[in-house]
Amino acid sequence: MAAAAPAPAGKTASTHRVAFVKGTHQLEIVGYSALKALGRSHSITSATFPVAGHDWAVLCGFDGHRLESLSLELSSAADSDDEDDDDGVKAISSFTILGPKGKPAAMEIVGTSREAKIFNRWSTVCSHPVPSAFDEQEARFVKDDRLTVRCTVEVFTETEEDSGPIPTRNCFVAAPPPPSISRSLEKLMASGHGTDVTFALERPRGRAHAHKLVLAARSPVFRAKFFGDTMDSGEHWFRVRDVRAPVFRAMLHFIYTDELPPGICTEGSRKHRTTMAYDLLVAADLYDLERMRLMCERTLWELSTGDVATALATLALVTGGRHNCRQLEALCVGYIAGMWDAAMKTDEYRDLKRRSPSALNDILEKVMSSSAAASSSKGDNSKKMSKSVYRSSDVSRGSHQLTIMGFSDVLRTHAVGEAVRSGNFHVGGHDWRIKCYPSGCTEETRDDIGVFLDLRTPLDANSDVRVKAQMIFTIVGPSSRLQMDASHEYSRDHRGLGYRQFVSVEDAKSEYVGQDDRLTIQCDVKVITGPSVVSSGAGRGGDQIVVPPPNISWHLEQLLETNLGSDVVFFVEDADEFFDAHATVLSVRAPALLKAGKLVSTLKKRSKTKRIIRIDGDITAVVFKAVLHFVYTDELPPLDDLVRAAARGDDADVPVAVRRTRMAGDLLAAADRYQLPERMGPLCENLLCDVITPQTAAATLRLAERHHRPELKAFCADYISSPGVLKAVVASEDYKHLTASSVEAEALGRIINRIAANSS
């Protein structure tokens, strides 16, 4: 009896994300000489601080009469849903011994390598020995019997969202390379080919050449300048006076690649890096480059942590809503409040006091309302002073922004009743969360976006605790603003309030979704709190500014959909349809398309300024449009959308699986025809594997032979060889077409021989 062939592997889907989350903690050792004088092995421990959901602490080990080691300790790990999860936490730690202002540079203390250490229940500490060089220079780092140590922690985080098994095979036979749009545009910028605008730069003098189309796609300011109804639209030479030459060149690099040039904000002195980051921030604000602005904010915040003087200087630059840096401003205020004694001794404090009294008031309010500022004691340093503040009934205010990136994609991926949730935020002693339903809360409200504010803090089940809150939801678009307010008394049984019909989906798309396809909802919360006592504690690290992912592909997609600045028209003869495109994009993304046909003189009347190319041969308008979509985005449209768009009346009796295979096959043929095999080819192969059935297996094998795809061919062989599949394949119509070709019949013969060998 023949041995049964193994069943095809089940396909599962999951989303896996990894990142390093960085946090810092500064420990001031007051009474340093007394700790050394103990003359025995002992250690001191800092307050715990959170990074990436885990609590950490700094340990300072003394041996004899010297500081021997600095260590990072995992105090408590984040809760895991898996009780057997003992993989631990991966983290990289380093220490810096900071000197007083005006003294020598800080002393870096790092491990022997940059490899992450695994912290778990058996190994909770990573130690770094203090080098002997510190003993020789110790007096230069200690002032007022105080030594300051900063610990930097980078925690490796990964999340996996398991979507469960999908009833099909392991359908990915080809590994597409990553998207390459930014690399293509970077090559275009470096080559200088086709540039049509020149910028005269100053400080130092020079010139920069660029492409109007790329600049307009990425910046609303450039779009209005080059393609708006202004006097500048026909100009090709501009003088730049408000941005220094190196800053403008770095901004151009960002526009073409969505990244800043390597080392632009990471090399040089702290002052140089701060100046460059701020100048780039100003440029980002001038030309409305949101991602670049946030990157600069994050850099300024990272430079500010660990140096209160830099934090004060940064606050002076961005205070008062300048450049819309509200998050950076709030982080600097909180950090300075926690370092108040040291801050008041700096020149930057005096400068801020003179230039921006309002910013100073914000800091003072935070100092008075929290215990973030450490006590600076001139007396007996062997005793620690603690503080507490009693508060009568008061009103606490807070604000949180939920930004939904890729809103158009979210609409496609979130069904009715599926919510997008913000992170938790803290107001009035409670944790809160914004919950947004992009596709509606219920079937009755599927055309409207629902927005709610949920109370996340657990309430005592044995008491009638109620939390009074007022909220204002605000959604701001490029030219419109919508605001709604409400009040609610939250309880154990009533933990959420909001609007089921906050704004219609269509209104949101047309008025409130920005050019970068993001929707931002802000919730201002006012909580009426009762009496409380707040004790002093250590500052909490890990605050960070989140930078959204690159979005060049979305900008190019909008360029294709709006036809802005198009200079090429494709005429698809088979469907008698026209498609506008841009020679600048095609020249670096798909030059074969520009050579796909000849200028059609009979159609010149359609446009006197655009090049018209006729596309003949066996390609439909739907497939050609999908090719253009791929060229501009590095992705294919959803296969089922293409199948529906291509449906004709005579397709009613054709099975959906057959139509899917035909469409995927047409896309594969187009990838070969227009020389797009590197990424589009593998994507098409995976589509064919994803939709394969016994009725389409023979046709898929034929496509693999025709387009010389060995991985796809091997997949078809494995699939047809599966138990029960061969009989259905032989009974299909496509099998008859396969056996009619001598070359393809030979391929089928090899498969049959393989099955026969397994059956013997």
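These numbers were taken from a predicted model, which means no experiment stands behind them. (Residues numbered from 1 in each chain as written. Predicted model: local features only at pLDDT ≥ 70, side-chain atom pairs only at ≥ 80, totals over all residues. Heavy atoms only, no water.)

Chemist: Can you tell me about the overall build of the chain, naming the residues and giving the values?
Modeler: When helices and strands are counted, the chain shows 27 helices and 27 strands. Taken over 760 residues, the chain has a buried fraction of 45%. For the chain, long-range pairs separated by at least 24 residues make up 68% of all intrachain contacts whose partners lie at least 6 apart in sequence. Counting only carbon and sulfur atoms, one obtains 49% of the accessible surface of the chain, whose full area is about 38900 Å². (Helix = DSSP H or I, 4+ residues; strand = E, 2+ residues; numbered from the N terminus. Buried < 20%, exposed > 50% of the residue type's maximum accessible area, 1.4 Å probe, protein only. Contact = heavy atoms within 4.5 Å. Areas by Shrake-Rupley, 256 points an atom, 1.4 Å probe, with all protein chains shown as cover.)

Chemist: If you had to explain the sheet that holds strand 26 (residues 577–581) to someone new, which residues and values would you point to?
Modeler: Pairing is mixed in the open sheet, where three strands are placed in the order 26-25-27. With one partner strand each, in any of the chains shown, strand 26 and strand 27 (611–615) form the two edges of the open sheet. For this sheet the average axis-to-axis angle between neighbouring strands, irrespective of direction, equals 25 degrees. The pairing of strand 25 (residues 568–572) with strand 26 spans five bridges and is classified as antiparallel. Directly across from F570, in strand 26, lies its bridge partner F579. Sheet strands touched by helix 19 (residues 621–633): strand 25, strand 26 and strand 27. Its angle to strand 26, the strand with the most contacts, is close to 5 degrees. (Pairing = 2+ DSSP bridges. Axes fitted to C-alpha atoms, helices over the stretch in contact; angles between N-to-C directions.)

Chemist: Mind laying out the packing of aromatic side chains, listing which residues take part and the relevant values?
Modeler: Taken as a whole and judged by the stated rule, the model has 21 aromatic pairs. On the basis of an interplanar angle of 15 degrees and a centroid distance of 4.7 Å, the ring pair of F222 and Y287 is categorised as stacked. Of this pair, F222 sits in helix 5 (residues 220–227) while Y287 sits in the loop between helix 7 (270–286) and helix 8 (290–304); the two residues are 65 residues apart in sequence, bridging distant segments of the chain. Y287 matches F222 in its accessibility class, with the two residues each being buried. Positioned above the aromatic ring of F119 is the side chain of K117, whose terminal nitrogen or guanidinium carbon lies 5.6 Å from the ring centre. (Phe/Tyr/Trp six-rings, centres within 6.5 Å; stacked < 30°, edge-to-face > 60°. Lys NZ or Arg CZ within 6 Å of the ring centre and 35° of its normal.)

Chemist: Please give an account of the sheet that holds strand 11 (residues 197–201) that cites residues and values.
Modeler: Read from one edge of the open sheet, three strands run 12-11-13, paired in mixed fashion. Only two strands of the sheet have a single partner each, and these edge strands are strand 12 (206–210) and strand 13 (237–239). Across the sheet, the mean angle separating the axes of adjacent strands is 25 degrees when strand polarity is ignored. The sheet strands contacting helix 6 (residues 245–257) are strand 11 and strand 12, and the helix crosses strand 12 at an angle near 10 degrees.

Chemist: Before we move on, can you summarise the confidence of the model for the chain with the specific residues and values?
Modeler: Scored by pLDDT, the chain comes out at a mean of 78, with 78% of its residues at no less than 70. Confidence, read as mean pLDDT per element, is least for strand 14 (residues 388–391) in the chain (36) and greatest for helix 6 (95). Across residues 1–18, where pLDDT falls below 50, the model places 43 contacts with residues more than four positions away in sequence or in other chains. A low-confidence stretch, residues 370–393 (pLDDT under 50), is modelled with 41 contacts involving residues beyond four sequence positions or located in other chains. (pLDDT = per-residue confidence, 0-100.)

Chemist: Tell me about helix 7, and name the residues and values.
Modeler: Look at helix 7: 24 Å from first C-alpha to last across 17 residues, which is about the 24 Å you get at 1.5 Å a residue. Along helix 7, the positions that sit buried rather than exposed are T274, M276, A277, Y278, D279, L280, L281, A283 and A284. Buried residues in helix 7 make contact with helix 6, helix 8 and helix 9 (308–318). One or two steps after helix 7, the chain reaches D288, where phi turns positive at roughly 55 degrees. (Expected span 1.5 Å × (residues − 1).)

Chemist: With reference to specific residues and values, describe helix 21 (residues 656–673).
Modeler: Between the first and last C-alpha of helix 21 there are 26 Å, a value that for 18 residues agrees with the 26 Å anticipated at 1.5 Å per step. Those residues of helix 21 that fall on the buried side of the exposure criterion are V658, T661, M663, A664, G665, L667, L668, A670 and A671. Looking at the buried positions of helix 21, the neighbouring elements they touch are helix 19, helix 20 (639–646), helix 22 (680–690) and helix 23 (697–706). In the segment just after helix 21, Q675 is the residue with positive phi, at about 55 degrees.

Chemist: Residue-level account of the pairing of strand 25, with values.
Modeler: With five of five residues buried, strand 25 lies mostly within the body of the structure. Neither face of strand 25 is exposed, since V568, F570 and V572 on one face and V569 and F571 on the opposite face are all buried. Hairpin connection from strand 25 to strand 26: four residues lie between these consecutive antiparallel strands, with D576 at a positive phi of about 55 degrees. For strand 25 and strand 27, the ladder comprises five bridges, and the chain directions are parallel.

Chemist: Which residues make up the pattern of salt bridges, and what are the values?
Modeler: When their charged atoms lie close together, side chains carrying opposite charge are able to pair. Taken as a whole and judged by the stated rule, the model has 24 salt bridges. One salt bridge connects E138 with K36, and the closest N-O pair in it is separated by 2.6 Å. Residue E138 is located in helix 2 (residues 132–141), and its partner K36 is located in helix 1 (residues 32–37); the two are separated by 102 residues in the primary sequence. An identical accessibility class is assigned to E138 and K36; each is buried. (Salt bridge = Lys/Arg side-chain N within 4 Å of Asp/Glu carboxyl O.)

Chemist: So what's going on with the packing of helix 3 (residues 181–191) against helix 6? Residues and values would help.
Modeler: Packing of helix 3 against helix 6 brings their axes to within 7 Å, and their N-to-C directions diverge by 140 degrees. Considered as vectors, helix 3 and helix 6 are oriented oblique to each other. Contacts between helix 3 and helix 6 involve S182, L185, E186, L188 and M189 on the former and, on the latter, L252, H253, Y256 and T257. Residues that form the contact of helix 3 with helix 6 fall into these classes: five nonpolar, three polar and one charged. (Parallel < 35°, antiparallel > 145°, perpendicular 65-115°, else oblique. Nonpolar A, V, L, I, M, F, W, Y, C, P; charged D, E, K, R; others polar.)

Chemist: Residues and numbers for unusual backbone geometry, please.
Modeler: Most peptide bonds are trans, and most residues other than glycine sit at a negative phi. Residue R203 is joined to P204 through a cis peptide bond whose omega torsion reads -5 degrees. Here P204 shows up in the loop between strand 11 and strand 12. In the Ramachandran plot, R203 falls in the positive-phi region, its phi being about 60 degrees despite a non-glycine side chain. Turning to its location among the elements, R203 is positioned in the loop between strand 11 and strand 12. Residue R203 is classed as partly exposed on the basis of its relative accessible area of 46%. Positive phi, normally seen in glycine, also occurs at D258, with a value near 70 degrees.

Chemist: How would you summarise the packing of helix 9 against helix 12 (residues 347–355) if you had to cite specific residues and measurements?
Modeler: The N-to-C vectors of helix 9 and helix 12 enclose an angle of 20 degrees; their axes lie 9 Å apart at closest approach. Considering their axes alone, helix 9 and helix 12 lie roughly parallel with respect to each other. In the crossing of helix 9 with helix 12, the sense of the turn from one axis to the other is left-handed. Contacts between helix 9 and helix 12 pair A309, L312, A313, L315 and A316 from the former with E348, Y349, L352 and R355 from the latter. Residue composition of the contact of helix 9 with helix 12, grouped by class: seven nonpolar, no polar and two charged. (Left-handed = near helix turned anticlockwise from the far one by under 90°.)

Chemist: So what about the side chain of T633? Which residues, and what values?
Modeler: Residue position: T633 is located in helix 19. A relative accessible area of 8% means that T633 is categorised as buried. A polar atom in the side chain of T633 sits 3.1 Å from the backbone oxygen of E635. When neighbours within four sequence positions are excluded, T633 is seen to be in contact with I181, S553 and E557. (Polar contact = N/O pair within 3.5 Å; in protein donor to acceptor, adjacent residues only side chain to side chain.)

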